[in-house]
Structure formats: structure tokens, C-alpha cells
Amino acid sequence: MRPLSVVRLLLFFIESLVLCEALQNLVPPGKIGRSKTIGRVPAGPSGLEISALGCGTWSWGNRLLWDYDPSQDEEIYEAYRLVRKAGVTVFDTADSYGTLDLNGRAEILLGQFERRYQQEMGGTGTGSSDSSNQPWWNLGSKLAPSSSANRNNQQQVATKFAPYPWRITSKSFVNAAKASLERLQQDKLAIAQLHWSTANYQPLQEKALWEGLGDIYDAGLCEAVGVSNYGPQQLEKIATRMQERQVPLATAQVQYSLMTYQTAQYMNDVGNDINCRIISYSPLCLGLLTGKYTLDRLPRQGNPRRQLFKELLPGAQDLLKTLDVVAKDYDKTPSQIAINWALCKDTVPIPGCRTVQQAQGNLDAAIGWRLSLIHISEPTRLRRISY
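Heads up: these notes are all about the structure in this document. (Residues numbered from 1 in each chain as written. Predicted model: local features only at pLDDT ≥ 70, side-chain atom pairs only at ≥ 80, totals over all residues. Heavy atoms only, no water.)

**Remarks on the side chain of Gln155**
Note on placement: Gln155 falls in the loop between helix 4 (105–121) and strand 5 (156–161). Since its relative accessible area comes to 12%, Gln155 is described here as buried. A polar contact is formed between the side chain of Gln155 and the side chain of Tyr80, at a distance of 2.9 Å. Only 2.8 Å separates the side chain of Gln155 from the side chain of Gln186, close enough to count as a polar contact. Beyond its immediate stretch of four places on either side in the chain, Gln155 contacts Tyr80, Arg84, Thr89, Phe91, Leu110, Glu114 and Gln186. (Helix = DSSP H or I, 4+ residues; strand = E, 2+ residues; numbered from the N terminus. Buried < 20%, exposed > 50% of the residue type's maximum accessible area, 1.4 Å probe, protein only. Polar contact = N/O pair within 3.5 Å; in protein donor to acceptor, adjacent residues only side chain to side chain. Contact = heavy atoms within 4.5 Å.)

The following block contains the structure:
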């Protein structure tokens, strides 16, 4: 099996472990302008704008892959506050994120963090008339509407709904959206997303869930809809159906990184054709592109990433070495090169962050500079072209 095929299959397998958990309940350094904050990009046909860099929350509540523990919440909040202050507004999450008793934890934290952030910033983050003596995690029941002047910096939650076997009607998806909003303690999602396609094993369910996405939008529970783990053909099909229903399809998430580009590149053209923004999840290939891992330094025993990295690291050496060289040219880290590359490919990367160090590294990957002469032609080799 070719290395790229292994990447694609194993990444999808690991993403699908979330379901199992729930079921168990370069002009170096090239600079652009003087901006010190994350910019904004259009997403979809409705005029929706999202931050050019997002934040993934897969690790918030996931013990299996990311060794999460609730004691980390304060540090995660510090990272959250840092990226929010820098202009990151779009936060990708899912109703299945969280292990066993922590199911839904990522959504709960997103709601709590935003209420706390708004309180600290002096915003209208609570609906409570007397919050002075309340702990930050219970500041009012729901976020109050922000003024129009602050709209561009409002938190934008993009949550994914898992196509569980029992979700076979459109109403089940509407109910899922309501449950997510209850965990968030908010009234409306920015983007309601279908977590993955069931077309290959349950096509009738797929069509029902498409209608469910449309119904979520029609019910006023989201500003737009999106999909995740869709290929070009399925993306075109759902885009046609959403257009028929006059529902804005804003985003399509795909495994998009230097390791998976040979497959992911075809999504760019489709996204442009249907006016849908491509979101690049796992831009660091689950941490492989950070350069921190070797065959002698792997994730802990029992972590599924350990076996994945054992299989991928031998074939990734040329790419990792090239990343290291390019990073030194730009005075950046390999992670920052990989994230900036995804930005240069006109996608919105959503790297995760649980520490201030990670958050600052992600911001430094995106603000004030762009790669000038870097592009991938094969999984293990970079070639130079001009952007």
C-alpha cells in the first residue's frame, strides 16, 4: 500500500474512534502587511465570514488520543483566551468529542470559555442580572447578543453531528443541534456540520441527514451548514441539494496537510466551483509534522497514534527533513511551516491547542508572513513554485 493511502485510511480510522468512544458512552521570512491579528475570509454563498485560522477542539475531553484530564481546563482556557484576543473566532468541535463520561466535553468547555472570556473583556457575555458572586463557569444561562460593532469578533462554533446508526431521520439531526446548543448554552451555531458521509454503507440515512442539516438551518439554529470527510463527488451532490433548499453550504472539512495533499488537492477546485470554503483539519497530521516524534520517541503505549506513527515515519523522513530546512530558512518551526502552507493553499487550518505555547505557535504560524516558494508535489518531496 502506498504511504499516502495508509495516511488517508488511518487518519479516517482515528477520527472515527470518536464514534466508538461515544457509543461506549517563502522570501524568507516573507511578511505581509503589519497585521497583528488573524484576518477573515468568506465562507459560502450567504456572506458569512470566518477567521482565516481556526482552532480544533478534538483533544478537549479525549483521553484516548490526547491524554485529556479536567485538571488541564485552566491551561486550555489560557490558550483559548490568547487565540480569541488575536482574532480567532471559528472553533471546530463535535457532539461526539469526549471520552465516555466526558462525552460532549468540548462543546461544554467552548460555552464556558466564551462566557468567561466575555466577562473578562467586559462584553455582554451573560444574560444574568447579578453575576458578581457567581463562578465563571456559571455566568448566566446564555450568551446575550453582541453589538454589531463586535460581530466580527464573535465566537463562531462549528459543530459536527455524528451520523449514529439511530439517527435515521431529519428530526434526529435537529434534536442533535438542540442538544449541542444546550451544552454550549447558546442560541445559534455558526455552522452545523455532518461529521462524515454514510453514502458507502447507509445511503438512505445519508439523504435523511442532508435534510436534517437543511432543517437545522430553516429552524434558525445555525447560520450555515457544512460537511466533513466528504470527497469531491459527494460534496457536489450535497451542494446541489442545499442549493435547491436555499441553504448555504459554507464549509467542507478534509484531511489537508503536507502528508495528504495528493488526495486533498482535488477539493480546492470543487470548493471554488460551489463557493464553499475548505477547512483543513489535522494540518499537522496528528502531530507527525511537528518533528517531535521519531521511531524512538512515540506516543505512549495504548495511544492509537503510536502504531500510526510507526507505519508513517519511515516514509515521511524526506518530508520531515525538508520541513526542518525550510523552517530554519524562515526562523520558524516545522509546525508553523505546515500550518502556513495550508493557509497558502487557500484553506482555513484548524490546528488544536491546549497550552499557551501551542496557541502562540499557531498564531505565529499565521500572522504577518506567508511562504513564498513552497509547494508539495509528492508526499515525501517539496518543490518550489511562486505563489
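What follows picks up the thread again.
**Considering helix 9 (residues 266–274)**
When helix 9 is considered as a whole, its buried residues turn out to be Met267, Asn268, Val270 and Gly271. Those residues of helix 9 that are buried lie in contact with helix 7 (232–244), strand 8 (249–255), helix 8 (261–264) and strand 9 (277–281). Looking at the residues trailing helix 9, positive phi occurs at Asn275, about 60°.

**Overview of the sheet that holds strand 6 (residues 189–194)**
Pairing is parallel across the open sheet formed by 8 strands, whose spatial order is 3-4-5-6-7-8-9-10. A single partner strand is all that each edge strand has here, and the edge strands are strand 3 (55–56) and strand 10 (348–349). Where strand 9 and strand 10 come together, 2 bridges link them in parallel fashion. Each residue of the ladder has a partner; that of Ile279, found in strand 10, is Val348. (Pairing = 2+ DSSP bridges.)

**With respect to the nonpolar core**
Core analysis: the largest hydrophobic core is formed by 109 residues, its most contacted members being Trp60, Ile216, Ile238, Leu249 and Leu289. Ranked by residue count, the leading element in this core is helix 12 (residues 334–344), at 7 residues. (Core = buried A, V, L, I, M, F, W, Y, C linked by side-chain atoms within 4.5 Å.)

**A closer look at the packing of aromatic side chains**
All told, the structure shown has 14 aromatic pairs when counted by the stated rule. Note on Tyr80 and Tyr117: the rings are 6.4 Å apart at their centroids and 85° apart in plane angle, and the pair reads as edge-to-face. Taken together, the positions of Tyr80 in helix 3 (residues 73–85) and Tyr117 in helix 4 put the pair 37 residues apart, joining distant regions of the chain. Here Tyr80 and Tyr117 have matching classes, each one buried. Between Tyr256 and Tyr261 the ring centres are 5.9 Å apart and the planes differ by 55°, which places this aromatic pair in the tilted class. Every member of this aromatic cluster is reached through a ring pair, and the members are Trp60, Tyr77, Tyr80, Phe91, Phe113 and Tyr117. (Phe/Tyr/Trp six-rings, centres within 6.5 Å; stacked < 30°, edge-to-face > 60°.)

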